[in-house]
Amino acid sequence: MTKLLAFNEIKAEAFADRLINVLNGGALTLMISLGHRSGLFDTLREMPAATSLEIAQAANLDERYVREWLGTMVTGNIVDYDSEEETYVLCPEHAAFLTRKGSPDNFAVVMQFIPMLGQVEDDILNCFHKGGGVPYEKFERFHDIMAEESDQTVVAGLLEYILPLKTGLVENLEKGIQVADIGCGSGRALNVMANRFSNSEFIGFDLSEEAIHNGQVQAQAKGLNNLSFEQQDVTHWHANETFDLITAFDAIHDQADPLAVLKNINRSLKPNGLFLMQDIHGSSHLEKNMENPIATFLYTISCMHCMTVSLAQGGEGLGTMWGEEQARDLLAEAGFGKVTVHRLPHDIQNSYYICKK
Ligand SMILES: C[S@@+](CC[C@H](N)C(=O)[O-])C[C@H]1O[C@@H](n2cnc3c(N)ncnc32)[C@H](O)[C@@H]1O
């Protein structure tokens, strides 16, 4: 007979309290996302203590909705409330992490992923029963949110921290080299690189027409003639020894066939070429991710996005948390003999792999 664990009342009560916090946190996530999209945080940042009507007018929004949103923000300890004056204020310390003009760590950007995932809950539930996956097209706003996220994680540190990880790379980019970005999405990183390194030629490949259109619009607005985009499934693409540098920002773990893509990248690089892969920091072993402060979020986004979009194409479903051990194995199998992994001090989310044949 199976021995049942004894029931510990204190542990149970503590867990119930924790679940209440989880419930409030989930609710707050939705409302922070709305605060970002509606511009309410940005409006509050610019205002002294103000009533809900003044805030609604300044943000050009409906007062009744703004007041209810403020109710969440006050009880969630994000906005301060003066009950006598009936005024609300966002302190600068909180504004720094919730507004567009804050630090590069605008947490409100990432919060948008939660309502996006909520939109596909029924489809994901269906996959729990029947297997398979939910395709990219089902995730409304994915490319917009991803571009915003890319701006503050990768693009913000690209020129100053990421490219200098490989000695001599910036100098080579200045002289002029051939660069491809795989799974380039809306091409934010490409646009910054092409703008900075006018002697180099850049090309971005992505499955999504919508994403590369966004990239093209930005490149045209900047008048860049050293940047182009191609709608291309990189599982079935390679260019023989053409590129000096290939980058993949957050774009390998959700591939249908990651090994084929890595092999294609390897074949497309010149003999001395470099593959720079930014991917999610983590271990392939669950127990080693317990100290990762955002592991719960990452496993969630994996299950409800990165893993499922791969499975939807009949792919492997590696998932966001494929981890460094598995990444190193796949890179070696794809022909990368020398791989060094870097972390950046400002970045809790990513690892940077510098790979050579
Ligand atoms: C997580 S997003 C990252 C986008 C971009 N690199 C960034 O950092 O914002 C992954 C991108 O890979 C693209 N992608 C996935 N599988 C692909 C494939 N087989 N060929 C080309 N692009 C692919 C998706 O359309 C998506 O834009």
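Residues numbered from 1 in each chain as written. Predicted model: local features only at pLDDT ≥ 70, side-chain atom pairs only at ≥ 80, totals over all residues. Heavy atoms only, no water.

Enquirer: Sorry, what's going on with the domain arrangement of the protein chain here?
Expert: Many structure descriptions define interface size as the accessible area lost when the parts assemble. The domains assigned to the protein chain are domain 1 (16-100) and domain 2 (117-356). Here the C-alpha centroids of domain 1 and domain 2 sit 34 Å apart. (Domains from an automatic or database assignment.)

Enquirer: How should I be thinking about the packing of aromatic side chains in this particular structure?
Expert: For any pair of aromatic rings, geometry is given as the distance between the ring centres together with the angle between the planes. Per the counting criterion, the structure on display carries seven aromatic pairs. Between Phe 97 and Phe 107, the ring centres sit 5.9 Å apart and the planes meet at 70°, which makes this aromatic pair edge-to-face. Taken together, the residues span a long stretch of sequence, with Phe 97 in the loop between helix H5 (92-95) and helix H6 (107-111) and Phe 107 in helix H6 at a distance of 10 residues. We classify Phe 97 as partly exposed; its relative accessible area is 38%. Given a relative accessible area of 46%, Phe 107 falls into the partly exposed group. Grouped by ring-pair contacts, the aromatic residues Phe 205, Trp 237 and Phe 243 constitute a single cluster. (Phe/Tyr/Trp six-rings, centres within 6.5 Å; stacked < 30°, edge-to-face > 60°. Helix = DSSP H or I, 4+ residues; strand = E, 2+ residues; numbered from the N terminus. Buried < 20%, exposed > 50% of the residue type's maximum accessible area, 1.4 Å probe, protein only.)

Enquirer: For this particular structure, what's the right way to read the site of the ligand?
Expert: Around the ligand, a shell composed of 18 residues is seen, among which Gly 183, Asp 206, Asp 233, Val 234 and Phe 249 lie nearest. Between Leu 207 and the ligand, the recorded distance is 3.1 Å, taken from a backbone N or O atom to a nitrogen atom. For the ligand, a nitrogen atom lies 3.5 Å from a polar atom in the side chain of Thr 235. For the ligand, whose accessible area on its own is 590 Å², the fraction buried by protein is 97%. The element that contributes the greatest number of residues to the shell around the ligand is helix H9 (residues 142-162), accounting for four residues. Of the residues assigned to the shell around the ligand, the class counts are seven nonpolar, seven polar and four charged. (Near = heavy atom within 4 Å. Polar contact = N/O pair within 3.5 Å; in protein donor to acceptor, adjacent residues only side chain to side chain. Areas by Shrake-Rupley, 256 points an atom, 1.4 Å probe, with all protein chains shown as cover. Nonpolar A, V, L, I, M, F, W, Y, C, P; charged D, E, K, R; others polar.)

Enquirer: Whenever I open this one, the environment of Ala 260 confuses me. Can you help?
Expert: The topology assignment puts Ala 260 in helix H13 (residues 258-268). Considered as a pair, Ala 260 and Tyr 88 are 172 residues apart in the sequence and their alpha carbons are 54 Å apart.

Enquirer: What exactly am I supposed to notice about unusual backbone geometry here?
Expert: Only a minority of non-glycine residues have a phi that is not negative, and only a minority of peptide bonds are not trans. Positive phi is not limited to glycine here, since Arg 141 has a value of about 70°. One non-glycine residue with positive phi stands out, namely Glu 241, at about 40°. For Glu 241, a relative accessible area of 46% puts it in the partly exposed group.

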